[in-house]
Structures are given as C-alpha cells and as structure tokens.
2 protein chains.
Amino acid sequence: MAFFLGIDGGGTGCRAAMADADGRIIGQGRGGPANINTDVEGAAVNILAATAEALEGTGADPRDLIATLGLAGGTMAAATERLAGLLPFARMQIVNDAVTAARGALGAGDGILAAIGTGSVFAVQRGGDLRQVGGRGFLMGDEGSGAVLGRSLLSLAIRAEDGFAPMTPLLQQVLEEFGGIEGIIRFGNSAAPADFARLAPRIVTGDDPAARQVFDAAVAEVRHILTVLQGDAPLPVVFLGGLGPAYAARLTQWPQRPALGSGVDGALLMARQMAGAA
Amino acid sequence: MAFFLGIDGGGTGCRAAMADADGRIIGQGRGGPANINTDVEGAAVNILAATAEALEGTGADPRDLIATLGLAGGTMAAATERLAGLLPFARMQIVNDAVTAARGALGAGDGILAAIGTGSVFAVQRGGDLRQVGGRGFLMGDEGSGAVLGRSLLSLAIRAEDGFAPMTPLLQQVLEEFGGIEGIIRFGNSAAPADFARLAPRIVTGDDPAARQVFDAAVAEVRHILTVLQGDAPLPVVFLGGLGPAYAARLTQWPQRPALGSGVDGALLMARQMAGAA
C-alpha cells in the first residue's frame, strides 16, 4: 500500500502531511526550521521529527513513503543531495518551497505567488509552467522579507545613533532594547534570519518614520519584482507568509486571490503526481 | 628601559612597530587579520606574530612593552577585554583602528579621516577632540567598503539572472566565474568580508553600468557621511585604505590632504603619550 508524504519547510519551521492512496490526509506533523541553505543536518532532524508525528498511529514506515519536500534553499543541488542522503524515504523529490507553495496556492491555474515571511520567494505559473525567482537568501536576496526588514531597521538605528539618519521613537526604543550600537553589532554576530525577522511586525504596522522608510523601500522592491513577473497579461497574485497580508494591503494594483491550498498541500499533490496517483 | 609598541589591525592584516624611549622605530612586523569583532582569538595570534617579528634582534620582551592597539572592532567592550586577557604586554590600550588611523593621519590638527578598504571607518578631529563614526561591520554598516561593494555586485548579479535588473557584461562575467546564482549563494555562505572585497577593484575602476550603479550608490553614502561630519567649517579630508584613492577622485568638493603618518604611527604615538613619553 502506497503512502504519500508532503513536507513544507522554511526558516522558522516545517510541516508534514501524509496521505493514503486515495489522497485522504491521514496524519500531520510539525517540526523546527528546515532551510537547507543554512543547515542541512538540522533540516534533516526537523523533517524527520515532523514526519514521525505525521506517521503516528498510521502503521506506515518512513521507508515506504513517496515524498515531495518543498524547502527553503531547495534550489541548491549540493544541499539537496546531502539532505537526500540523510532521509530514508522510498522515493523523494526535493524542490524549493516556492514551488510547492505555488502548486498549493495556485493549483493548475495561472497566477503569481509572493511568499514573504522570515525569507521571501516568488513564483509565476503560466500555462502549467512554473518559474521560481527571487528569494536567494538573507545575505544577498530575500527581498522584502522579515529578516531583511529587521536588519535594515537595525542598520538605520546604528546610523541614527551615529548622526547620519534622523532619530525616531522606534529607533530610540530599539537602541535601548539591544544595548546601543555595540549591542546591535553583538546581536548581529550570532543572530539567525528569524531573529532579525522578530522586528518585522513593528516595521510593517507602525507609523514611525523609520519603520515607514524601511517598509516603503521593501514594498517598492516587491512591487518591482511583481511588475516584472506580471508581463503583459495581468495575473492574480496570492500573497502568503507572515508578512503576506501587510504587502497585500499595499500592493493593490493587481487582482488578488486567496491560496487554494498550503505548501504542504502542494507538496502532497506533487508526491501523488510523481507516483501517477493524481 | 621602556619600549613602545604600536599595532594597527583590520580585516586583511595587522602591522606592528616598536620604538625605543626616544621614539626611534627599532622594529617592524606584519601579521594576518586582526578584526576583534569577528575573531578575537585569531586576532590575538596574528598580533603576537607581528609583534614577534617587530621584536626580532631588539632584545626586548613582549612583557616589557607599553602598547596601543588600533583594531577593527575595537569599540566592542567585551571583545577588547577578551583580547587583553590573551596578550602579555606590560600596559596596553585597545582602541578602534579609526582612532589610531586618525591620530596618525591628522596628527594634532583638525580634519576628517575616511578609511575605506575591506571595511570602512570615519573619524573627525576638532580642537583635539576625536570622534569615530560609521564602520560598524559588514552585516549592518561599513558604508562604502570593498566588502559591501562586492556583496552589492553579487546581489545585483543574482537579480539580473532572475530578470529583475539589467544584465551587463560584468554581471555576466561574475555569474560565469562563480557558477551562476547557486555558486554565488554557496560562496556567500562561507565568504569572509575580505573575499567579497576582492571584487572591489573591478567595481571602482570599470565603466560597466552595474559597477557604476553600485559605486555611485556607495559614493553617495560616503558623501552623506562626510557632509554630516563637515558641519559648518570645512575640514580637510584624508582618504585612506585600498579604496581611498577611488573615493578621493569622486569626492572633490572638500580640501584633501595626504596622511601625515600611518595607523601604526598613530598607535605608536598614543603608546608614547600614554607613558608620558610624547
């Protein structure tokens, strides 16, 4: 009897869902971060934990599963190979989490996905053809992401304290919380993207001038990416992720629609398609 | 008999000079990187190696030295304390390398220092009062630095390959050299600031549109910092570091002057001042 596993993993956690041959979901699980660009071994541990939870009481064995994993960093060939070597599944494909999120969100229809949380990824589906763009990690990409927003705010706080940017109530508050410039630098030395992203809610909701400056710049960057992806025929945009609603409220020039399903749904659908069961 | 030691250390290496009680330089040495924001233990090893070279043939013992160390990251209290515990000198003070560079470059006169190499730091001296600003590291600061220039170029190369920025000959060349987007991300996962900075010469000299875009933005940022530091009475600017000449050629609205001495000279002067010998 065939069992199917869908995994959706990113910088803050991963989710697993298991389905039987008829596509009925028979188990679900959650685990810690699964970003294989930053930590392959940690991702494997967390994926296995989420899988174990999904398997509970089903009688299935991990070695019997046909799995699709949509993971942050899933475009990195070396990392996906290393991860595959750490997992016991019967068959598996590892793709970027933008791909599974887009499949889940858009189904078979044309559209654009903007998934913006701790990191960010974008995808466009046109005539069944799915292309993932953007994202690319905290250091040089992840446009509009919570981690990039948080880092920008801290950078601005340092500049304000040095006298090169206007001081604002939020920047003052952040400097006090972190222990001044030195405290911010120390934080940055060991902070993960998710740690930077914890500042995002105060940036996207507040009316502090520094928050507005940082968020406006990010909105402009995301608008540019979506404009390029739109091309000539306007496509509906699905905004996902913790910051999806904040961007959706600002980027209203295109039709928007809610996601048909989740990234886990997309992964599960792809797993069943891989086996010819969907 | 008193011996004085001056150390100037940054992201790419450190230099040591030793002077006798009369201020005559009697030994010099070089070592690897000494950035105590990123690696205190490595900095200690490299400082001791440079010191040993400076001591050769002088008959002096490290435990007899009165030392001033100007180091990248030298504003971090926790890091300077840890470093001090690893060094054997009789007396020592640890300051930011911008302070020793400014003392060496400006002597006692009023002026501004813009030291721009792998990292960047700025300082203003007015009426004997020295204030260091900017810098603050690769992740959230180091405005205009070679490392930040290199990261910006790679980020632009990723965006161009994804279709969100115009492709240029330099970006195409960089994508080929690094192995595409995936190669750039892999490089970024393990690259030190000095590795990013290796791209800087091609950015500040070339006439590639992407190089111009990245450098123009950096020049504007450095211009803003210097404008704030200038205040009302225009001060002469000393441009230092590997990228100093490139910025000096672009920022000609203020008087410029060459450095009176090096950061090691400044450190040595401060060591002698600390002991009342200068």
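Description of the structure in this document. Just so we're clear, the structure is a prediction, and the values are computed from it rather than from any experiment.

Cut-off values and rules
Residues numbered from 1 in each chain as written. Chains lettered and ligands numbered in written order. Predicted model: local features only at pLDDT ≥ 70, side-chain atom pairs only at ≥ 80, totals over all residues. Heavy atoms only, no water. Salt bridge = Lys/Arg side-chain N within 4 Å of Asp/Glu carboxyl O. Helix = DSSP H or I, 4+ residues; strand = E, 2+ residues; numbered from the N terminus. Buried < 20%, exposed > 50% of the residue type's maximum accessible area, 1.4 Å probe, protein only. Least-squares fit on C-alpha atoms with pLDDT ≥ 70 in both. Contact = heavy atoms within 4.5 Å. Pairing = 2+ DSSP bridges. Axes fitted to C-alpha atoms, helices over the stretch in contact; angles between N-to-C directions.

1. Let's talk about the pattern of salt bridges
Close approach of charged atoms allows side chains with opposite charge to pair. The full count for this structure, using the stated rule, is 22 salt bridges over all chains. A salt bridge links E143 of chain A to R159 of chain B; the shortest N-O distance between them is 3.2 Å. You can see E143 of chain A sitting in the loop between β8 (129–133) and α4 (146–162) and its partner R159 of chain B sitting in helix α4 (residues 146–162), one on each of two chains. Under the relative-accessibility criterion, E143 of chain A is labelled buried at 4%. Residue R186 of chain A is joined to E182 of chain A by a salt bridge in which the shortest nitrogen-to-oxygen separation is 3.2 Å. Separated by 4 residues within a single helix, R186 of chain A and E182 of chain A lie in helix α6 (residues 180–190), roughly one turn from each other. Its relative accessible area of 41% is what places R186 of chain A among the partly exposed residues.

2. Notes on the relation of the copies chain A and chain B
When chain A is fitted to chain B, the residual RMSD is 0.0 Å, and the transformation amounts to a turn of 180 degrees plus an axial shift of 0.0 Å. Such values leave the two copies arranged in the relation of a two-fold axis. Of the C-alpha atoms belonging to chain A, the one lying closest to the rotation axis is found on L139 of chain A, 4.2 Å away. Taken as a fraction of all interface residues of chain A, those also at the interface in chain B reach 100%, which identifies the copy contact as same-surface.

3. What about unusual backbone geometry?
All names here are of chain A. Of note, D142 is a non-glycine position whose phi angle comes to about 55 degrees, a positive value. Inspection of the secondary structure assignment puts D142 in the loop between β8 and α4. We classify D142 as buried; its relative accessible area is 10%.

4. Considerations on the sheet that holds strand β9 (residues 237–240) of chain A
Residue and element names in this part refer to chain A. On the basis of which strands lie adjacent, the open sheet formed by 4 strands has the order β8-β7-β6-β9 and mixed pairing. Two strands in the sheet have a free side with no partner beyond their single neighbour: β8 and β9. Within this sheet the neighbouring strands show an average axis-to-axis angle of 15 degrees, counted without direction. Helix-sheet contacts for helix α9 (residues 209–230) involve β6 (111–116), β7 (120–126), β8 and β9, and the interaxial angle to β7 is about 15 degrees.

Structural measurements only, silent on function.
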